[in-house]
Amino acid sequence: GAGVSQSPSNKVTEKGKDVELRCDPISGHTALYWYRQRLGQGLEFLIYFQGNSAPDKSGLPSDRFSAERTGESVSTLTIQRTQQEDSAVYLCASSSGGLAGDEQFFGPGTRLTVL
Amino acid sequence: GESVGLHLPTLSVQEGDNSIINCAYSNSASDYFIWYKQESGKGPQFIIDIRSNMDKRQGQRVTVLLNKTVKHLSLQIAATQPGDSAVYFCAEITGNTGKLIFGQGTTLQVKP
């Protein structure tokens, strides 16, 4: 079946511009996660959606970052007034539930480059 | 604060040898640990997990060992193959959400 998909796969933008990154989770998965991966580093948790609960935004690095999710489907991560330090791969994952033992399936990521 | 780190950034092994990748974690309250494999240009892929009430778990060619006394986690890969070449991350979870805290990663290079 279809896995997690993300678009665009690559995004080059100029400093100060806003960008939107999209994630399509696996159908039926109630939990959705966004992570950021800087070059040569591990993933950093950004935000987590679980069903109709309020999202866990504890990993968002600044108020320039926001994310939305429509029901249990598509999510968009928005970065306003992008900075060069925002350059990274942004990965989305989904799981059938939001519990520790529920395997997270990752998408291929969106590589963001801020010039 | 919470952190998960890896001892070695790069591990180079001969094809057919066993590989051991190590990880240290700092949050003694973490109760769930996962190893991921990430190939170039792809998202991480689940390999194996272990709960804090266990000290060993085996999968196909992989074994995870957990030593809570010294807060150490290791991944053993038997008969390493070229297809095992990738970056390996350990990750931990505290509580019952799926929020993952990742380590920096170890690059595994398999020489033919």
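Because the structure is a prediction, the values reported are computed rather than measured. (Residues numbered from 1 in each chain as written. Chains lettered and ligands numbered in written order. Predicted model: local features only at pLDDT ≥ 70, side-chain atom pairs only at ≥ 80, totals over all residues. Heavy atoms only, no water.)

## Considering the pattern of salt bridges
If charged atoms from side chains of opposite charge come close, those side chains can pair.
All names here are of chain B.
Turning to step 1, where the next piece is worked out: In the structure shown here, the tally under the stated rule is eight salt bridges over all chains.
Turning to step 2, where the next piece is worked out: Between D84 and R61 there is a salt bridge, with the nearest N and O atoms lying 2.9 Å from each other. With D84 in the loop between β8 (72–77) and β9 (86–93) and R61 in the loop between β6 (56–58) and β7 (62–67), the pair connects residues that are 23 residues apart, well separated along the chain.
Turning to step 3, where the next piece is worked out: In this structure D84 comes out as buried when scored by relative accessible area, which is 7%. (Salt bridge = Lys/Arg side-chain N within 4 Å of Asp/Glu carboxyl O. Helix = DSSP H or I, 4+ residues; strand = E, 2+ residues; numbered from the N terminus. Buried < 20%, exposed > 50% of the residue type's maximum accessible area, 1.4 Å probe, protein only.)

## Quick word on the side chain of A:T78
Turning to step 1, where the next piece is worked out: Its place among the elements puts A:T78 in strand β7 (residues 75–79).
Turning to step 2, where the next piece is worked out: Judged by its relative accessible area of 16%, A:T78 is buried.

## Section: the pairing of β7(B)
Residues and elements named next belong to chain B.
Turning to step 1, where the next piece is worked out: Sheet topology places β6 next to β7; three bridges connect them, and they run antiparallel. Of the residues in β7, the one forming a bridge with Q58 is T63.
Turning to step 2, where the next piece is worked out: In this structure, the hairpin formed by β6 and β7 is closed by a connection of three residues, where R61 is found at a positive phi of approximately 65°.
Turning to step 3, where the next piece is worked out: Note: β7 against β8, six bridges, orientation antiparallel. Looking at β8, one finds that L65 is bridged to S74.
Turning to step 4, where the next piece is worked out: What sits between β7 and β8 in their antiparallel hairpin is a turn of four residues, with K71 showing a positive phi close to 50°. (Pairing = 2+ DSSP bridges.)

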